[in-house]
Each structure stands twice: as C-alpha cells, then as structure tokens.
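Structural characterization, general
Residue strings, one per chain:
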Amino acid sequence: MAGIQSLPLDIVKLMAAGEVIDSPAAVVRELAENAIDAGASRIIVTVRSQPWHIQVTDNGVGLSVADLRQAATSHSTSKLSAKADLWNIRSLGFRGEALHSLSRLSRLTLCSRPHGPESSGFCLTCDRTGRPLNVTPMAMAPGTRVEVADLFYPMPSRQSLADARQSQLRAMLQAVQHLALCHPTLTWQGELDERPWFTLWPGQSALHILPQVMRRLPVTDLREARQTVDLPEATGQLYLLLGLPDRCHRRRPDGLFVALNGRLVQLPDLTERLLAILRRSLPRDRYPVVFLHLQAPPQQVDWHRAPDKSRVFLQHSDRWHEAIAAAIDDTLRASQIERPAAAGHQRLTQLLKLAEPDSRYGATSPAADSDAAPLALRAIAQVHNRYILAEHPAGLCLIEQHIAHERVLYEELCDRWEIVDLETPIVLSDLTEAQVAQLQRIGLTVEAFGPQLWAVRTLPAPLQHRDDGDAALRELSLGGDLDSALVATACRTAIRNGTPLEITAMQQILDAWQRARKPQTCPHGRPICLTLNESSLARYFRRSWVIGKSHGLEP
Ligand SMILES: [Zn+2]
C-alpha cells in the first residue's frame with residue numbers, strides 16, 4: 001500500500017463535519033431540529049447574510065452549565081455513535097453531532113438556561129474541537145441560543161457556496177417551512193439583516209401550516225385524514241393533507257411534501273405511487289398539493305442513506321402504499337358534496353364575484369365537515385341538456401352529465417376490465433405495428449386478415465353492443481397503455497352532453513357518481529360539480545336584511 005498516505009486526523013474530522021453542515025441553510029436546519037428536540041414551542045431564526053451570521057434561539061428545556069460545557073465536544077458525539085443504531089432514537093438530530101461539526105467549521109457560541117426558578121444562564125465560546133474557551137454567566141430567558149459566525153472559515157472552498165445568498169436564504173426558509181409542516185404546534189419567527197423575514201403561526205395540524213407556506217391556497221381547499229397502519233410487529237401512523245383535485249393543482253411538483261418521523265424526506269417510490277393514485281383526478285401534467293407524514297417505528301427506518309438524512313429506506317413500503325391509497329380514497333369520497341361553511345363557498349364567491357367586504361371563512365376548519373357522511377343529492381331538472389340540477393339539504397349543485405358518468409364508468413372499468421368474444425370480427429385496415437401492439441396490450445385478440453387488414457375478435461365489454469366498434473377500436477389503438485384505454489372507453493360510452501335525460505336517469509347518474517371513489521374530477525382532471533351552498537345564497541340574496549315580512553322572509 002505504498003504511496004497511500006493517511007490524511008491528518010484534523011482534516012478527516014473537518015471533512016466529516018462538512019458532510020453534516022454542507023451549507024448555511026444546513027446550519028439553520030440542524031439547529032432548528034435541535035431546538036425541536038429540546039421541546040421548544042417557539043423558535044427564532046436570526047440571519048445576517050453578509051457575511052453569514054446565524055443564530056437560532058429556542059424556549060426549550062435548556063442546558064445546565066455542566067451539560068453546556070459538554071454540548072459541542074466530540075465526546076458527546078462518540079458516545080452516541082457507539083450505539084448500535086444511532087437513528088434508533090426518536091429525536092430528529094442529536095445535539096452533539098451538529099454542534100461539534102459547527103465548532104470545527106465556524107466560531108460557535110452557545111448560551112443556555114434551564115427552566116426553573118433557581119436556574120441561571122451561561123454563555124460559552126468553543127474552540128475548534130468543541131471544548132469551551134470561556135464560560136460567563138448570562139441573563140437570559142430559559143432556553144438555548146446558538147450563534148454561528150465566520151461559517152466555513154477553515155474551508156475556503158465552501159465559502160464560495162456560502163456566497164450564493166439568494167439560494168441559501170430560500171433553502172433556509174424552506175427548511176423552516178418543512179419542519180413547521182411536520183411540527184405544526186410551533187411558532188417560528190425569522191429575522192434577516194435586522195428586518196422581519198417570516199412568521200409561521202402554530203396550528204393543531206399541518207392544515208393550518210400549508211396555507212402559510214403556499215400562497216393563495218385557501219384552507220377550505222384542503223382535506224385531512226389520519227390512519228393507523230398495521231405493520232409486522234408494530235403499528236404506524238399516517239397523516240394526509242390533500243388539496244381537492246378540482247380546486248388545486250400545480251404546474252410543478254412544488255406542493256408535494258413527504259415526511260417521515262418528523263422530517264421531510266425523499267421516498268421516490270412512494271411519491272411515484274402517490275402521483276399514480278392521483279393521476280386520473282388531475283389534468284395532464286399537473287401535480288397535486290399533498291403533505292404526507294408517516295410515523296414509522298424507528299427500527300423500520302434506515303436513515304443512513306445521505307448525510308443530511310433526506311434520503312431514507314422504509315421497510316414494508318407495500319403496507320404504506322396501501323394505506324396511502326385508502327386514505328386518499330376516504331378523503332376524496334367523504335368530501336364530494338360540501339357541507340355548509342366548507343369549501344364551496346369560496347368557489348361561489350369567485351364565480352359570482354360577490355362584492356362583499358369580507359366574505360371569507362378565515363378560520364373555518366373543513367376537517368369536521370369531511371368527517372360527516374356525504375349529503376344525498378336529488379335530481380330536479382336538466383339544464384341545456386348538459387347539466388343536472390340537483391338539490392341537497394345544504395344547497396344545490398350543477399353537475400355536468402357526461403363527465404360525471406365518465407368518472408363512474410372509468411372507476412367501474414378500473415375494477416373490472418372485461419374482454420368479450422365477438423360473433424363477427426371487426427376488420428380494420430391500415431394499422432401501424434404500434435397500433436396493433438397497443439390493441440394486444442390491452443388484451444384484445446388481433447390477427448392478420450389480409451394485406452393491410454386485421455381482424456379483431458374480442459372487444460371490451462362496454463363496447464360490444466354499439467355500432468361504432470371500429471371507431472372505438474381505432475381510438476383504443478392510439479393510446480399508450482391500459483389506463484388510457486379505460487379512459488377512452490369510459491368517455492365513449494358515457495352519456496353525451498346534449499342528450500335529454502329523464503329525472504330517473506339523472507338520479508341514477510347522481511347516485512352512482514356519489515359512490516365514486518374520486519368524484520371531484522373526471523379522468524382528464526376536469527371538475528364535475530359546482531356547489532352553491534345555502535349559506536352563500538342567503539348571503540348573496542341579503543336574506544339577513546330584515547326589511548319586512550312582505551319579501552317572503554321566513555318568520
Ligand atoms: Zn369524455
């Protein structure tokens with residue numbers, strides 16, 4: 001092994017520290033996680049950007065002066081490393097690692113005071129190995145304050161990265177927002193270059209945080225669900241916050257958050273599954289608004305995939321996938337018709353442009369509403385041979401007949417795609433190889449019948465007694481997979497707009513549509529139903545104005 005020289009220990013340790021703290025934003029993330037571990041309910045992030053000076057203050061348990069002396073030493077790290085599985089502990093970070101790394105990469109000051117009437121605060125500065133340089137008494141509120149100055153001064157190559165001011169500030173804010181979603185009961189305050197930067201108010205759940213993170217996302221467009229997940233020898237918890245697909249979707253996947261045990265993570269196969277489940281509820285190339293938080297038993301999680309712990313491995317992912325699909329179905333099924341005071345109102349406001357001073361239901365929580373059973377719809381008329389006008393105890397709805405029916409048929413086909421034999425084959429001409437392959441892929445029997453002629457001997461069941469079999473087959477042959485064939489078949493067989501309908505036929509569509517798993521949108525992502533709630537109508541017609549009994553007001 002001649003020629004290979006081991007690196008000086010000091011450099012090795014510096015590199016290891018740089019793995020944990022790879023950017024100014026990582027400082028904020030690690031210190032904020034420490035504050036959460038300390039049980040803080042309020043976290044203040046103070047940043048000066050030129051040069052970087054980062055300070056995180058919390059009101060958590062605080063450290064005694066003896067613990068404070070140990071907080072950044074490598075000793076506290078190695079003690080934890082000796083454990084068989086470092087991450088088999090429930091905490092997010094652990095004080096030692098991040099603080100010790102910071103002592104190597106910056107000039108670190110720690111101040112802390114435990115709770116309790118007798119306690120007093122102390123402040124210490126650390127040397128490059130995390131040992132205290134000097135300790136002084138300090139008047140301060142209970143909690144901890146960590147100050148990081150001259151970040152990366154021993155690593156000049158990192159300082160250029162630290163110069164990317166805007167992107168680092170964005171990443172810091174994102175780190176805070178992600179933690180806030182996972183820990184919604186905390187209050188966050190940010191100050192940047194001595195000016196107010198951000199505030200995140202606490203809430204009972206992420207339902208109250210996501211609208212603070214994503215602008216123009218009304219809380220009434222969101223639904224939440226919780227589920228217990230059965231796992232081998234343990235149980236997990238699942239929290240789902242979902243934007244209703246007929247109201248919100250995004251051009252980019254920037255409204256898609258997956259968290260595991262209190263921290264945002266990348267679980268690519270789970271995200272893929274999530275997108276697949278919602279694919280036929282959203283328009284093409286649009287992304288859902290989702291926050292998904294899994295609480296898994298620590299022994300079933302492997303965090304050792306990346307130093308920043310963002311990439312993980314989760315055992316029994318199939319169980320989690322099932323639970324996610326079930327939670328999405330429950331959430332969407334339960335919120336098909338709006339209860340009064342839920343989301344329909346805002347939509348109506350936009351549509352009718354109500355000129356009222358403040359007609360928003362600011363703090364109304366739709367959660368309680370979505371727990372209730374859906375309201376039964378009664379068909380009362382058809383409008384323009386296209387819309388079903390329906391009433392329910394809390395208002396009325398306009399439902400587009402074709403796409404409501406299409407949603408019903410699509411879900412039926414997903415459950416049961418049946419191919420039947422034809423008495424007389426349908427002969428098609430001029431198919432490309434790809435078209436023939438697609439017909440075979442969706443399960444049809446296609447045989448060469450002559451030059452440029454093919455005989456199709458089977459057909460999807462819903463298409464069998466129609467006279468447009470050849471047109472239907474041609475359309476199916478142009479799709480890319482089975483799912484697109486299901487959509488095409490549902491669209492072709494659904495009642496067309498322009499078709500006059502009897503009340504009973506409309507009622508049948510409504511009943512079937514109300515049983516759909518994802519009733520908000522058609523398989524192309526178009527909204528199916530417009531709800532006008534009685535409460536909104538009452539407001540629009542100014543029914544609260546008491547003018548006189550002659551206006552037909554109820555007593
Ligand atoms: Zn259609």
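Rules of the game
- Residues numbered from 1 in each chain as written.
- Predicted model: local features only at pLDDT ≥ 70, side-chain atom pairs only at ≥ 80, totals over all residues.
- Heavy atoms only, no water.
- Axes fitted to C-alpha atoms, helices over the stretch in contact; angles between N-to-C directions.
- Helix = DSSP H or I, 4+ residues; strand = E, 2+ residues; numbered from the N terminus.
- Parallel < 35°, antiparallel > 145°, perpendicular 65-115°, else oblique.
- Left-handed = near helix turned anticlockwise from the far one by under 90°.
- Contact = heavy atoms within 4.5 Å.
- Nonpolar A, V, L, I, M, F, W, Y, C, P; charged D, E, K, R; others polar.
- Disulfide = S-S within 2.5 Å.
- Buried < 20%, exposed > 50% of the residue type's maximum accessible area, 1.4 Å probe, protein only.
- Pairing = 2+ DSSP bridges.
- Expected span 1.5 Å × (residues − 1).
- Donors = N, O, S within 2.8 Å, 3.2 Å for Na, K, Ca; no water.
- Arc of directions from axis to C-beta.
- pLDDT = per-residue confidence, 0-100.
- Salt bridge = Lys/Arg side-chain N within 4 Å of Asp/Glu carboxyl O.

Here we take up the packing of helix α2 (residues 24-37) against helix α7 (residues 165-182). Where α2 meets α7, the closest approach of the two axes is 8 Å, and the angle between their N-to-C directions is 20°. Of the possible angle classes, the one that applies to α2 and α7 is roughly parallel. With respect to the hand of their crossing, α2 and α7 are arranged in right-handed fashion. Listed contacts from α7 to Pro24, Ala25, Val28, Arg29, Ala32, Glu33 and Ile36 of α2 are Gln168, Ala171, Met172, Ala175, Val176 and Leu179. Considered class by class, the residues forming the contact of α2 with α7 number ten nonpolar, one polar and two charged.

All told, the structure shown has one disulfide when counted by the stated rule. Through a disulfide, cysteine 111 is tied to cysteine 123; the S-S separation comes to 2.2 Å. In this pair, cysteine 111 is assigned in strand β3 (residues 107-113) and cysteine 123 in strand β4 (residues 121-126), connecting sequence segments twelve residues apart. With respect to class, cysteine 111 is no different from cysteine 123; both count as buried.

Okay, the sheet that holds strand β8 (residues 195-200) next. One open sheet accounts for eight strands, arranged β5-β4-β3-β6-β2-β1-β7-β8; its pairing is mixed. Single-partner strands in this sheet number two, and they are β5 (132-138) and β8. Between one strand and the next, the sheet's axes are offset by a mean angle of 15°, whatever the strand orientation. Of the strand pairs in this sheet, β4 and β5 are connected by six bridges, and their pairing is antiparallel.

What follows covers α2. The end-to-end C-alpha distance of α2, which contains 14 residues, comes to 20 Å, matching closely the 20 Å that a straight helix rising 1.5 Å per residue would cover. One or two steps after α2, the chain reaches glycine 39, where phi turns positive at roughly 80°.

Let us now look at the coordination of the zinc ion. Protein coordination at the zinc ion comes from His402 (NE2), Glu406 (OE) and Cys491 (SG), with a distance range of 1.9 to 2.4 Å. One chain supplies every donor to the zinc ion, and in sequence these donors are spaced H-x3-E-x84-C. Within this pair, histidine 402 and its partner glutamate 406 are both found in helix α13 (residues 401-415), separated by four residues, close to a single helical turn. Assigned by exposure class, histidine 402 and glutamate 406 land together as buried.

Right, let's get into helix α9 (residues 268-278). If you check which residues of α9 are buried, you get Leu270, Thr271, Leu274, Ile277 and Leu278. Here the buried residues of α9 occupy an arc of 120° about the axis, which is enough to place them on one side. In α9, the exposed positions that point more than 90 degrees away from the buried face belong to Pro268 and Glu272. On its buried face, α9 sits against β10 (234-243), β11 (256-260), β13 (290-295) and α10 (317-334).

Let us look at the environment of alanine 326. Considering the arrangement of structural elements, one finds alanine 326 in helix α10. Remark: the alpha-carbon pair of alanine 326 and glutamine 227, spanning 99 residues in sequence, is separated by 9.0 Å.

Right, let's get into the confidence of the model for the protein. Residues at a pLDDT of 70 or more form 83% of the protein, whose mean pLDDT is 84. Scored below 50 in pLDDT, residues 77-95 shows 40 contacts in the model against residues more than four places distant or in partner chains. Low pLDDT (under 50) marks residues 340-372, which in the prediction has 60 contacts with non-local residues, meaning those over four places away or in another chain.

Applying the stated criterion across every chain yields a total of 21 salt bridges. In this structure, aspartate 483 and arginine 279 form a salt bridge, with 3.4 Å as the shortest nitrogen-oxygen distance. Taken together, the residues span a long stretch of sequence, with aspartate 483 in helix α16 (residues 482-493) and arginine 279 in the loop between α9 and β13 at a distance of 204 residues. Here glutamate 418 and arginine 416 are joined by a salt bridge, their closest N and O atoms 2.8 Å apart. The class for glutamate 418 is partly exposed, based on a relative accessible area of 33%. Here the salt bridges share partners, and the residues they tie into one network are Asp329, Asp415, Arg517 and Lys518.

Taken N-terminus to C-terminus, the directions of α9 and α10 make an angle of 30°; their axes are 10 Å apart at the nearest point. Comparing the axis directions of α9 and α10 gives the class roughly parallel. Remark: the crossing between α9 and α10 carries right-handed chirality. Packed against α9, whose contacting residues are Asp269, Leu270, Arg273, Leu274, Ile277 and Leu278, the element α10 presents Ser317, His321, Ile324, Ala325, Ile328 and Leu332 at the interface. Here the residues of the contact of α9 with α10 are counted per class, giving eight nonpolar, two polar and two charged.

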